[in-house]
Amino acid sequence: MTVSIRPFDPSKDSELIHPWVTHPKAAYWMMQGASLQDVEREYTAITAHPHHEAFIGLVDGVPSFLMERYDPTRLELVGLYDPLPGDVGMHFLVAPTDTPVHGFTRTVITAVMAELFADPATARVVVEPDVANKAVHALNEAVGFVAEREIQKPEKKALLSFCTRARFEAAVAVAA
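Residues numbered from 1 in each chain as written. Predicted model: local features only at pLDDT ≥ 70, side-chain atom pairs only at ≥ 80, totals over all residues. Heavy atoms only, no water.

Participant: Which residues make up the pattern of salt bridges, and what values go with them?
Facilitator: Scanning the entire structure with this criterion turns up 12 salt bridges. Across the salt bridge formed by K156 and E128, the nearest N and O atoms sit 3.2 Å from each other. Highlighted residues: K156 in the loop between β6 (146-152) and β7 (157-164) and E128 in the loop between β5 (124-127) and α4 (134-142), separated in sequence by 28 residues. Overlapping salt bridges, with partners in common, bring together E76, E128, K153, E155 and K156 in one network. (Salt bridge = Lys/Arg side-chain N within 4 Å of Asp/Glu carboxyl O. Helix = DSSP H or I, 4+ residues; strand = E, 2+ residues; numbered from the N terminus.)

Shown next as structure tokens:
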């Protein structure tokens with residue numbers, strides 16, 4: 001599988017991701033009832049924000065996942081943990097499918113992490129998935145994340161987890 005990642009274009013990509021973020025399997029994305037206009041408004045704000053970015057991931061040329069990168073010292077986690085220099089926050093969502101491919105989501109999260117660590121300024125990736133999202137906890141662990149503790153965010157109880165460059169590289173080496 002060949003994975004590439006490009007910047008999100010709200011005027012073109014909102015229609016693409018609308019069925020992804022409103023799909024029942026995307027319940028943790030918290031956009032179940034969102035209209036196309038709601039999605040476009042949200043992603044226009046994200047792409048305009050100086051500390052938040054969105055991307056579309058393509059697998060073999062087909063748009064297949066959504067990725068967000070954010071500065072956790074300015075968004076999402078402000079005041080909820082002690083940040084370190086080089087911390088980068090991340091969200092990702094794989095497009096729903098009727099024909100799942102074994103290992104596909106692990107390939108996606110590995111590509112997302114490789115993209116984040118391609119920036120030499122990134123020392124550690126920080127995530128805060130819902131505590132109930134056991135599937136993503138297992139994926140995170142597979143690429144080197146270590147859960148630190150539960151935190152209470154305004155919209156959810158989250159599992160604060162971290163992955164250093166060294167832990168990611170070790171996890172990828174073991175998987176190879």
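Past the structure itself, the notes keep going.
Participant: Please set out the packing of aromatic side chains residue by residue, giving values where relevant.
Facilitator: All told, the structure shown has three aromatic pairs when counted by the stated rule. On the numbers, 5.6 Å between centres and 25° between planes, the contact of F117 with F168 is stacked. Of this pair, F117 sits in helix α3 (residues 104-117) while F168 sits in helix α5 (residues 165-175), and the two are 51 residues apart along the sequence. Judged by its relative accessible area of 7%, F168 is buried. (Phe/Tyr/Trp six-rings, centres within 6.5 Å; stacked < 30°, edge-to-face > 60°. Buried < 20%, exposed > 50% of the residue type's maximum accessible area, 1.4 Å probe, protein only.)

Participant: Summarise the layout of surface pockets; cite the residues concerned and give the values.
Facilitator: What the largest pocket holds in volume is close to 1,200 Å³. Around the largest pocket sit 47 residues that line it, and W29, F92, L93, V94 and N133 are the ones nearest its centre. The set of elements that each furnish at least two residues to the lining of the largest pocket consists of α2 (36-48), β3 (62-70), β4 (87-94), α3 and α4. For the lining of the largest pocket, the element with the most residues is β4, which contributes five residues. The residue inventory of the lining of the largest pocket, partitioned by class, reads 25 nonpolar, 12 polar and 10 charged. (1 Å grid on protein atoms, 1.4 Å probe; cavity = no way out; pocket = protein on both sides within 12 Å on 5 of 7 lines; lining within 4 Å. Points joined across faces, edges and corners; volume = space filled by probe spheres on them. Nonpolar A, V, L, I, M, F, W, Y, C, P; charged D, E, K, R; others polar.)

Participant: Explain the pairing of β4 to me, using residue names and the numbers behind them.
Facilitator: By the criterion of burial, β4 is predominantly enclosed, with eight of the eight residues buried. Of the pairings in the sheet, the one linking β3 to β4 comprises six bridges and is antiparallel in character. Following the sheet pairing, Y70 is matched in β4 by G89. Running through α3, the crossover from β4 to the neighbouring parallel element β5 is right-handed. (Pairing = 2+ DSSP bridges. Right-handed = clockwise from strand over helix to strand, strands pointing away.)

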